[in-house]
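Here's the letter readout for the chains.
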Amino acid sequence: MSLKSLLIQLSTGLVALTLAATVSAQTAKPQVVLLATGGTIAGAGASAANSATYQAAKVPVDKLIAGVPELSAVAQVRGEQVFQIASESFTNEHLLTLGKRVAALAKQADVDGIVITHGTDTLEETAYFLTLTVRTDKPIVVVGSMRPSTALSADGTLNLLNAVTTAADKSSRGKGVLVVMNDEIHTGRDVSKSINIRTEAFKSPWGPLGMVVEGKTYWFRAPAKRHTTESEFDIEQIGALPQVDIVYGSGNASDTAYRAFAAKGAKAIVHAGTGNGSVSGQVVPALRELRAQGLQIVRSARVVGGGFVLRNAEQPDDQYDWVVAHDLNPQKARILTMVALAKGADSKTLQRIFMAY
Ligand code: DGL
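None of the values given here were measured: they were computed from a predicted structure.

So, on to a nonpolar patch on the surface. Taken together, M211, V213, Y218 and F220 make up a surface patch of nonpolar side chains, about 380 Å² in accessible area. Within the element layout of this structure, F220 appears in the loop between β10 (216–219) and β11 (244–248).

Residues spaced three or four apart along an α-helix point in a common direction, a consequence of the helix completing one turn every 3.6 residues. All of the buried residues in helix α8 (residues 284–292) are V284, A286, L287, L290 and R291. Seen along its axis, α8 keeps its buried residues to an arc of 160 degrees; they face one direction. Turning to α8, the residues buried within the fold contact α7 (256–263), β12 (268–273), β13 (296–301), α9 (317–320) and α11 (347–356). Looking at the residues trailing α8, positive phi occurs at G294, about 110 degrees.

As a further point, take the packing of aromatic side chains. Aromatic ring pairs are reported here in terms of the distance separating the ring centres and the angle at which the planes meet. The full count for this structure, using the stated rule, is three aromatic pairs. Pairing F83 with F90 gives two aromatic rings, centres 5.6 Å apart and planes at 90 degrees, and the pair type is edge-to-face. Taken individually, F83 and F90 each receive the classification buried, so the pair is uniform in this respect. One Lys or Arg, K175, reaches over the ring of W219 and ends 4.3 Å from the middle of that ring.

Turning to the sheet that holds strand β9 (residues 210–213), a few remarks are in order. Overall, mixed pairing links the eight strands, which are arranged β2-β1-β3-β4-β5-β6-β9-β10 in an open sheet. Of all strands in the sheet, those with a lone pairing partner are β2 (76–85) and β10, marking the two edges. Neighbouring strand axes in the sheet, compared pairwise and without regard to direction, differ in orientation by 25 degrees on average. As paired strands, strand β5 (residues 178–181) and strand β6 (residues 184–187) are joined by four bridges and run antiparallel to one another. Across the sheet, residue V180 finds its bridge partner in β6, namely I185. This element, helix α4 (residues 92–106), spans β1 (31–38), β2, β3 (113–117) and β4 (140–143) of the sheet and lies at about 165 degrees to β2.

Let us now look at the site of the ligand. In the vicinity of the ligand, the contacting residues are G39, T40, Y54, A86, S87, E88, G119, T120, D121 and S145. Interatomic distance of 2.6 Å between a side-chain N/O atom of T120 and an oxygen atom of the ligand. Between an oxygen atom of the ligand and a main-chain N or O atom of S145, the distance comes to 2.7 Å. Taken by itself the ligand offers 290 Å² of open surface, and the protein chains cover 92% of this.

Quick look at the confidence of the model for the protein chain now. Per-residue confidence for the protein chain gives a mean pLDDT of 94; residues scoring 70 or more make up 95%. Helix α1 (residues 3–28) is the least confidently modelled element of the protein chain, averaging 65 in pLDDT, while β4 averages 99, the highest of any element.

What counts, and at which threshold
- Residues numbered from 1 in each chain as written.
- Predicted model: local features only at pLDDT ≥ 70, side-chain atom pairs only at ≥ 80, totals over all residues.
- Heavy atoms only, no water.
- Patch = residues over 30% accessible without salt bridge, like charges linked within 9 Å, V, L, I, M, F, W, Y side chains within 5 Å.
- Areas by Shrake-Rupley, 256 points an atom, 1.4 Å probe, with all protein chains shown as cover.
- Salt bridge = Lys/Arg side-chain N within 4 Å of Asp/Glu carboxyl O.
- Helix = DSSP H or I, 4+ residues; strand = E, 2+ residues; numbered from the N terminus.
- Buried < 20%, exposed > 50% of the residue type's maximum accessible area, 1.4 Å probe, protein only.
- Arc of directions from axis to C-beta.
- Contact = heavy atoms within 4.5 Å.
- Phe/Tyr/Trp six-rings, centres within 6.5 Å; stacked < 30°, edge-to-face > 60°.
- Lys NZ or Arg CZ within 6 Å of the ring centre and 35° of its normal.
- Pairing = 2+ DSSP bridges.
- Axes fitted to C-alpha atoms, helices over the stretch in contact; angles between N-to-C directions.
- Near = heavy atom within 4 Å.
- Polar contact = N/O pair within 3.5 Å; in protein donor to acceptor, adjacent residues only side chain to side chain.
- pLDDT = per-residue confidence, 0-100.

What follows is the structure in C-alpha cells.
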C-alpha cells in the first residue's frame with residue numbers, strides 16, 4: 001500500500017472517530033425540553049435603558065435558545081412555544097394545557113428534564129399547580145426574568161442557563177417542581193414574587209433549596225411537603241378546574257365581593273384575611289351562609305411569608321366548618337383548593353390536604 005493511500009485511510013479513520021466522539025458526546029448530554037409561555041423573559045423594551053418599561057411575550061422560543069449559546073454545553077435543548085402571553089393573563093385552561101404537555105413529555109425516554117419560561121406575575125401559581133399534579137421525579141424547572149432581554153444587565157439569559165443547568169442535573173430529581181431565579185433554586189410550593197421590580201424578586205419564607213452558580217447546583221435543604229410522585233393528584237385525571245376566588249381583607253370590610261363571587265358560581269372562596277386570617281364581624285354572617293350553601297371557605301392571610309394561619313385561633317373554624325390555608329398565601333391557596341375540589345374533597349379532606357401539600 002502506497003504511503004499516500006495509507007495516509008488517506010488514516011485521516012478517514014480519524015474523521016470517523018472524531019465524528020463518532022462528537023455524536024456520542026451530543027447524545028450523552030441530557031435532553032432538555034424548553035416550553036415557552038411568554039412573559040418578560042421573552043419581553044422587549046424600546047431601549048436598553050428600559051429595564052421596567054417593555055412589552056412582555058414578544059421573543060419566540062427559538063430566539064430564546066439562540067440567545068444563550070452556552071446552553072449547548074449543558075444539554076441538548078429543544079423548544080416548544082406553548083403560549084406567548086403575559087402571565088397575568090393565565091387562565092385555568094392555560095394551566096391544564098401546560099400541565100398535560102409537561103406530563104406527556106416527562107413520560108418520554110428522550111426527555112431528561114423540562115424548563116418552562118414564564119411571566120413572573122403568576123409563575124408561583126403555575127409552579128405550585130405543576131408540583132401538585134405532574135407525577136414525575138424528572139426535574140421540571142420554571143424560570144422567568146425581571147428585565148426584558150433588551151435591557152442593560154438583563155437577567156433572563158443567566159436565569160435561563162441556570163434553569164437548564166438545574167433541569168439537566170440528576171441531583172435535581174425528586175425535589176418537586178423547582179423555580180430558578182437570581183442564582184437561587186426554590187420549591188414551586190414555597191416561592192412567591194415578593195418584590196415587583198427588582199431582580200431579587202422571588203423569595204421563599206422558609207428559604208430556597210439551594211443555588212446554581214457557574215454551571216453547578218448546590219443544595220442546602222430538601223422539600224418538606226408532598227409533591228409530584230407522592231401527590232394524590234394527577235393532571236391526567238383533571239378535566240376541568242372549579243372556580244375559586246380570592247377576597248382581600250381590610251378595615252371597613254363588607255360582604256359584597258364574597259356574595260358576588262358566589263353568585264357567579266365560585267365553589268370556594270379564599271379569604272386573604274388581615275393578621276392570622278381574621279374575618280371582620282361584618283363578613284362572618286355571609287361566610288357562614290355561603291358555607292351552608294355548599295361553598296368551601298378557606299382562611300388565608302394577606303400577611304405572608306414566615307408564619308401560618310392557626311385553626312380555631314380567633315375564628316371558630318370547627319364550629320363554622322371553615323378551612324385554614326396553613327402557611328400558603330392566598331394565590332397558592334386558590335391553586336390547592338381548585339385541585340382538591342376537582343377531586344371532590346369535602347371540608348375535612350380539604351383541611352388534611354392543606355396540612356400535607
Ligand atoms: N406581564 C408580566 C408577566 O408576564 C411581566 C412580568 C415578568 O414576566 O417579569 O408576568
